[in-house]
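Structural characterization, general
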Amino acid sequence: MWKFWKRRRTVVAMMACLGVQFMYLNQLSFNVTLASISKEQHNEEWSRSQNYLVSSYLYGYLLTQISGGVLAPKLGSTKMIATSIAASSVLSLLTPLAAYGGVGWLIAIRLLQGMFQGVVFPCLHELWTRWAPRSERAHLVLTALDGIQMGTVNALCLGQLLVDSVSWESVFYIFGVFGCIWCFFWARTIKDRPEEDQSISQAEKEFILQSLGDVDGQSKHPWRAILTSPAVFACAVANFCQIWGSNTILSQTTIVFERELQLRAQVIFMLAGALVLNAIQTSILMSLAVAMRALGWAGYIVNLLDLSPSSAGVMMGLVGSVGTT
């Protein structure tokens with residue numbers, strides 16, 4: 001058991017974790033560099049457009065989640081994930097050029113980046129319907145979602161270090177290049193099904209297939225049943241609360257600390273209400289607020305695989321869309 005790298009499903013989860021990390025590195029690069037870019041631009045048009053620049057990613061992210069769940073069984077979840085993160089990484093490499101080109105170009109880059117990344121989690125859920133045995137769903141799904149925490153921490157810490165020691169442009173270049181490298185290895189090593197993987201042992205393949213049974217994606221999803229399901233509605237509400245809290249913290253973190261860190265920082269701690277605290281206490285509460293997401297993921301995110309494995313990708317797209325709104 002300790003030789004985890006010999007279990008292909010664990011390799012899939014760890015590669016997915018790295019992919020989600022690079023997705024978040026590319027997503028949060030702009031949040032980390034916003035203050036530095038603002039200092040350079042320092043004009044009225046830029047000041048008026050900052051909210052649009054931050055939110056344009058989310059508008060793009062909202063547009064493609066359900067379609068990602070629908071298309072994943074047809075086009076292949078691994079191919080869609082690789083294409084999504086590769087395109088997102090290339091757009092990250094183009095972001096400095098877009099920033100110098102004007103606000104309109106930068107909004108377009110952010111919008112496209114959100115559209116490409118919107119398909120990732122629905123496609124991952126489609127992948128887990130074929131790779132995650134019932135007894136290991138929570139473990140494997142949460143291992144992949146650890147990439148969110150890793151990407152968040154590395155974007156805020158390494159990103160700020162790069163801004164201070166090199167330049168704000170270097171954040172986009174370095175994170176974008178590593179994202180492209182990951183896509184190369186993902187495409188070469190991860191397959192849509194255990195049956196297609198040449199490196200999996202016969203015993204592990206039989207164990208996964210016997211545990212899952214027939215999980216082929218449906219050509220027609222039971223939309224009415226999905227839209228009227230109390231369980232799906234509960235998952236959507238939980239996801240909305242989680243994403244609203246985390247996005248509020250992440251979108252404001254660098255701005256708040258840039259302006260208030262020397263004296264006092266004002267932050268909304270989602271579990272305790274609005275608090276005005278010193279910098280150390282604020283950092284602790286913000287860390288707790290982000291970390292508490294994992295407790296929710298173990299419930300409502302994994303539950304979508306239990307409700308209907310053949311429509312899990314579509315339901316993840318629906319739940320994600322509600323959360324993004």
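What you see is a predicted model, and the numbers here were worked out from it, not measured in a lab. (Residues numbered from 1 in each chain as written. Predicted model: local features only at pLDDT ≥ 70, side-chain atom pairs only at ≥ 80, totals over all residues. Heavy atoms only, no water.)

**Some words on the overall build of the chain**
Spelled out, the test is: By the criteria applied, helices consist of DSSP H or I runs no shorter than four residues and strands consist of E runs no shorter than two, each listed in order from the N terminus. Exposure is judged per residue with a 1.4 Å probe applied to protein chains only, and the accessible area is read against the type maximum: over 50% gives exposed, under 20% gives buried, and values in between give partly exposed. Residues are treated as being in contact if the distance between any of their heavy atoms lies within 4.5 Å.
Looking only at helices and strands, the chain has 13 helices and 2 strands in total. Expressed as a percentage of the 325 residues in the chain, the buried residues total 51%. Across the chain, contacts joining residues at least 24 apart in sequence account for 81% of those joining residues at least 6 apart.

**Some details on the UniProt feature "transmembrane region" (unreviewed entry) in the chain**
Basically, it comes down to this: UniProt positions are given in the numbering used here, feature names are shortened, and annotations may be inferred rather than shown by experiment.
Per the UniProt record, "transmembrane region" (unreviewed entry) is annotated on residues 80-99, 168-187, 267-291 and 297-319. The span residues 168-187 is 100% helix and 0% strand, and its two end C-alpha atoms sit 30 Å from each other.

**Some remarks on the confidence of the model for the chain**
Condition: Per residue, pLDDT measures the predictor's confidence, with a range of 0 to 100.
Of all residues in the chain, 79% have pLDDT values of 70 or greater, and the mean over the chain is 82. For the chain, strand β1 (residues 265-269) is the element with the lowest average pLDDT, namely 37, and helix α7 (residues 168-189) is the one with the highest, namely 95. Predicted confidence for residues 256-276 stays below pLDDT 50, and this span has 32 contacts to residues more than four positions away or in other chains.

**Details of helix α4 (residues 103-117)**
Counted only if it meets this: The length a helix should cover is 1.5 Å for every residue beyond the first. Regarding the arc, it is the one traced by the directions from the helix axis to the C-beta atoms.
Compared with an ideal rise of 1.5 Å per residue, which puts 15 residues at 21 Å, α4 spans 21 Å between its outermost C-alpha atoms and is within 8% of the ideal. Listed as buried for α4 are Val 103, Leu 106, Ile 109, Arg 110, Gln 113, Gly 114 and Gln 117. End-on view of α4: buried residues confined to an arc of 130°, all on one side of the axis. The exposed set on the far side of α4, more than 90 degrees from its buried face, consists of Gly 104 and Trp 105.

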